[in-house]
Amino acid sequence: MSRPGLTAACSAMLRRDLTLAWRRRSDMAMPVLYALIVTMLFPFALGPEDTLLQRIAGGIILVTVLLAMLLALDAMFSSDIEDGSLEQLVLAPQPLALMLGMKILAHWLTTALPLIVITPLLAAMLHLPAPVIPVLLLALLLATPLLSLFGAVLVALTAGTRRSGMLLALMLLPLCVPALIFAAGAVTAAQQGLPWLAPITWLAAALVLTLVLAPLACAAALRIALDS
Amino acid sequence: MTAAPIAVPLLEARALCFHRQDEPVFAPLDFQLHAGELVLIEGDNGSGKTTLLRMLAGLLHVGSGELRWRGAPLQRDNCAGDILFLGHQLGLKGDLSPRENLRVAAGLHGDRDGISIASALATIGLLGYEDEPVRRLSAGQKKRAALARLLLLPASLWLLDEPYANLDRTGIALVNQVLETHTAAGGAALVTSHGAVSFHGGEPRHIRMQA
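Remember, predicted model here, so these are calculated numbers, not experimental data.

Conventions we followed
Residues numbered from 1 in each chain as written. Chains lettered and ligands numbered in written order. Predicted model: local features only at pLDDT ≥ 70, side-chain atom pairs only at ≥ 80, totals over all residues. Helix = DSSP H or I, 4+ residues; strand = E, 2+ residues; numbered from the N terminus. Rg over C-alpha atoms; globule rule 2.2 N^0.38 Å. Buried ≥ 20, exposed ≤ 12 C-beta atoms within 10 Å, placed from the backbone. Contact = placed C-beta atoms within 7 Å. Nonpolar A, V, L, I, M, F, W, Y, C, P; charged D, E, K, R; others polar. Expected span 1.5 Å × (residues − 1). Arc of directions from axis to C-beta. Axes fitted to C-alpha atoms, helices over the stretch in contact; angles between N-to-C directions. Parallel < 35°, antiparallel > 145°, perpendicular 65-115°, else oblique. Left-handed = near helix turned anticlockwise from the far one by under 90°. pLDDT = per-residue confidence, 0-100. Pairing = 2+ DSSP bridges. Core = buried A, V, L, I, M, F, W, Y, C linked by C-beta atoms within 7 Å.

## Let's talk about the overall build of chain B
Helix and strand counts for chain B come out as six helices and eleven strands. Taken over the C-alpha trace, chain B has a radius of gyration of 17 Å; the compact-globule value for 211 residues is 17 Å, and the two agree within 12%. Reported as C-alpha extents along the three principal axes, the dimensions of chain B are approximately 45 × 40 × 35 Å. Within chain B, the proportion of its 211 residues that are buried is 41%.

Here it is in structure tokens:
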């Protein structure tokens, strides 16, 4: 008998969640379709005027991606709580925070990454200039994991409450404001030909901090949720 | 052919109690559980059997009293993975097959020497259902898939909440046999059950719970 190492446990956890997401891949398509449709509505509502759309394209895409991520967020731990998988995970001889970190990573890979992949398409729909798109992608690559991590903590805190979806949105959206400001700041700066590195670095710093703290907070919150 | 009780009990409870909103859920409990022992927990509905098991597993905090694991105070670090808990929620993912579910569990806990996922599933009577999604299995088969986890994972103490529920006659006999093998190999188990349980190794010890 031997206990598996951390790497083996992490990969088992990651593989489990990716397999589960793949078995329900129609759920995975929802946020992507939602983002596509919402982005499509803006030119209809505002008129196909290039200069106006260009000016607000970055902001629209960031907000749309944020809202699309919210759609899938409350499912992060709910099924594991319902079927008892979370109890088993808590009792496993592995650091719970790390295992939850793997779950959050899997969640990011299955919800945020597809959104980032279609971002160039969204940008094209809103006439965002091509040179700005890499900055927008970089901002999203840093901002979306932040949202996943923040979201995971809130999902863990609201675990067990009924209809936590709306409550979650009300709690998460204000928390996202700083990430949104920095991401939008970088995109606007790039659009105006100004240096955009500073807001990106702020995002990266926030991500590093959250990456360390959020899984620990999740683990503590879920242990409390089970202890009742 | 049970292992001789060693001096230090595997699990020991002293005046153990759990409070919900300052109300004690059950009367203070004192018991010792040695390696190779099987103990039945009896009590009416609502007498706190599940609460006791969840507390012993470490899911609920100890209300008052003391819990000792191999002579030292029971903490998450010194018993992690050595205690397996099987509750009403089986901890199986419906979209994964029994084989995949066991693979995840073994990925987190490791596995016993000399037993593979396939042999655990065969022993528990799920031959031919290894790759069927768990949500398509019957309640009894789901239970069996969860019991296969006990066979596969290395642990010395099993906490089983109603392991006989949903099982047919051969399933019940199978649980008894699995429990006997486990205790004969030096493991211990705490089992809650309403039904009469029969063991070849004589009547198991009882803990009576009172609200």
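## Some remarks on the interface of chain B and chain A
The interface of chain B with chain A comprises 27 residues on the first partner and 24 residues on the second. Elements with a contribution of two residues or more to the side of chain B that touches chain A: strand 8 (83–86) and helix 3 (98–109) of chain B. No other element matches the five residues that helix 3 of chain B contributes to the side of chain B that touches chain A. Here the residues of the side of chain B that touches chain A are counted per class, giving twelve nonpolar, ten polar and five charged.

## Topic: helix 1 (residues 6–23) of chain A
Across its 18 residues, helix 1 of chain A extends 26 Å between first and last C-alpha, which sits within 8% of the 26 Å expected from 1.5 Å per residue. Listed in full, the buried residues belonging to helix 1 of chain A are A:Ala9, A:Cys10, A:Ala12, A:Met13, A:Arg16, A:Asp17 and A:Leu20. Each buried residue of helix 1 of chain A sits inside an arc of 160 degrees when the element is viewed along its axis, so together they form one side. Exposed residues pointing more than 90 degrees away from the buried face of helix 1 of chain A are listed as A:Thr7 and A:Trp22. Buried residues in helix 1 of chain A make contact with helix 6 (96–125) of chain A together with helix 3 of chain B.

## Section: helix 4 (residues 75–82) of chain A
All names here are of chain A. When we look at burial in helix 4, the residues that qualify are Met-76, Phe-77 and Asp-80. For helix 4, the arc enclosing every buried residue in end-on projection is 60 degrees, short of the 170-degree limit, so these residues lie on one face. Here the buried face of helix 4 lies against helix 3 (50–73), helix 5 (85–91), helix 6, helix 7 (133–157) and helix 9 (197–226). Gly-84 lies just past helix 4 and shows a positive phi near 85 degrees.

## Considerations on the packing of helix 3 of chain A against helix 8 (residues 164–191) of chain A
Residues and elements named next belong to chain A. The N-to-C vectors of helix 3 and helix 8 enclose an angle of 150 degrees; their axes lie 9 Å apart at closest approach. One way to sum up the angle between helix 3 and helix 8 is to call them roughly antiparallel. In the crossing of helix 3 with helix 8, the sense of the turn from one axis to the other is right-handed. Taken together, the residues of helix 8 that come into contact with helix 3 (itself represented by Gly-58, Gly-59, Leu-62, Leu-66, Leu-70 and Leu-73) are Leu-168, Ala-169, Leu-172, Cys-176, Leu-180, Ala-183, Ala-184, Val-187, Thr-188 and Gln-191. Residues that form the contact of helix 3 with helix 8 fall into these classes: twelve nonpolar, four polar and no charged.

## Considering the environment of B:Gly63
All names here are of chain B. As for its position among the elements, Gly-63 is in the loop between helix 1 (49–57) and strand 6 (64–69). In sequence terms Gly-63 and Ala-105 are 42 residues apart; their C-alpha atoms lie 30 Å from each other. With residues up to four places along the chain from it excluded, the contact list for Gly-63 reads Cys-17, Phe-18 and His-19.

## Re the confidence of the model for chain B
Detailed conclusions should not be drawn from predicted coordinates in areas where pLDDT is low. Here chain B averages 85 in pLDDT, while 92% of its residues score no lower than 70. Overall fold confidence (pTM) sits at 0.90, and the ipTM for the predicted complex is 0.87.

## Concerning the environment of A:Leu71
Residues and elements named next belong to chain A. Relative to the helices and strands, Leu-71 is located in helix 3. Leu-71 sits in the partly exposed class, given 16 other C-beta atoms within 10 Å. In this structure, the C-alpha to C-alpha distance between Leu-71 and Thr-158, residues 87 residues apart in sequence, is 16 Å. Setting aside chain neighbours within four positions, we find Leu-71 in contact with Met-30, Pro-31 and Tyr-34.

## Considerations on the sheet that holds strand 7 (residues 72–73) of chain B
With respect to topology, four strands assemble into an open sheet ordered 4-1-6-7 (chain B), the strand pairing being antiparallel. In the strand order of this sheet, the two ends are held by strand 4 (29–33) and strand 7 of chain B, each with one partner.

## Thoughts on the sheet that holds strand 8 of chain B
Residue and element names in this part refer to chain B. Across the sheet, which stays open at both edges, the five strands sit in the order 8-9-10-5-11 with parallel pairing between neighbours. Of all strands in the sheet, those with a lone pairing partner are strand 8 and strand 11 (205–208), marking the two edges. The sheet shows a mean angle of 15 degrees between the axes of neighbouring strands, taken without regard to direction. Note: strand 5 (residues 38–42) against strand 10 (residues 188–192), four bridges, orientation parallel. Residue Leu-38 lies in a different strand from strand 10, and its bridge partner there is Ala-189. Against the sheet, helix 1 makes contact with strand 5, strand 8, strand 9 (157–161) and strand 10, and its axis sits at roughly 150 degrees relative to strand 9, the strand it touches most. Packing of helix 6 (residues 169–184) onto the sheet brings it into contact with strand 5, strand 9 and strand 10, and relative to strand 10 it is tilted by some 150 degrees.

## A short note on the nonpolar core
With 129 residues, the main nonpolar core has A:Met69, A:Leu136, A:Ala139 and B:Leu159 as its most contacted residues. Looking at this core, the element that brings in the most residues is helix 7 of chain A, giving 17 residues. Once residues within four sequence positions are removed from consideration, A:Met69 is found in contact with A:Pro31, A:Thr111, A:Ala112, A:Leu115, A:Thr144 and A:Leu147.

## Side note on the pairing of strand 8 of chain B
Residues and elements named next belong to chain B. On strand 8, burial covers both faces: Ile-83 and Phe-85 on one face and Leu-84 and Leu-86 on the other are all buried. Pairing of strand 8 with strand 9, which is carried by four bridges, proceeds in the parallel orientation. Within strand 9, the position partnered with Leu-86 by the bridge is Leu-160.

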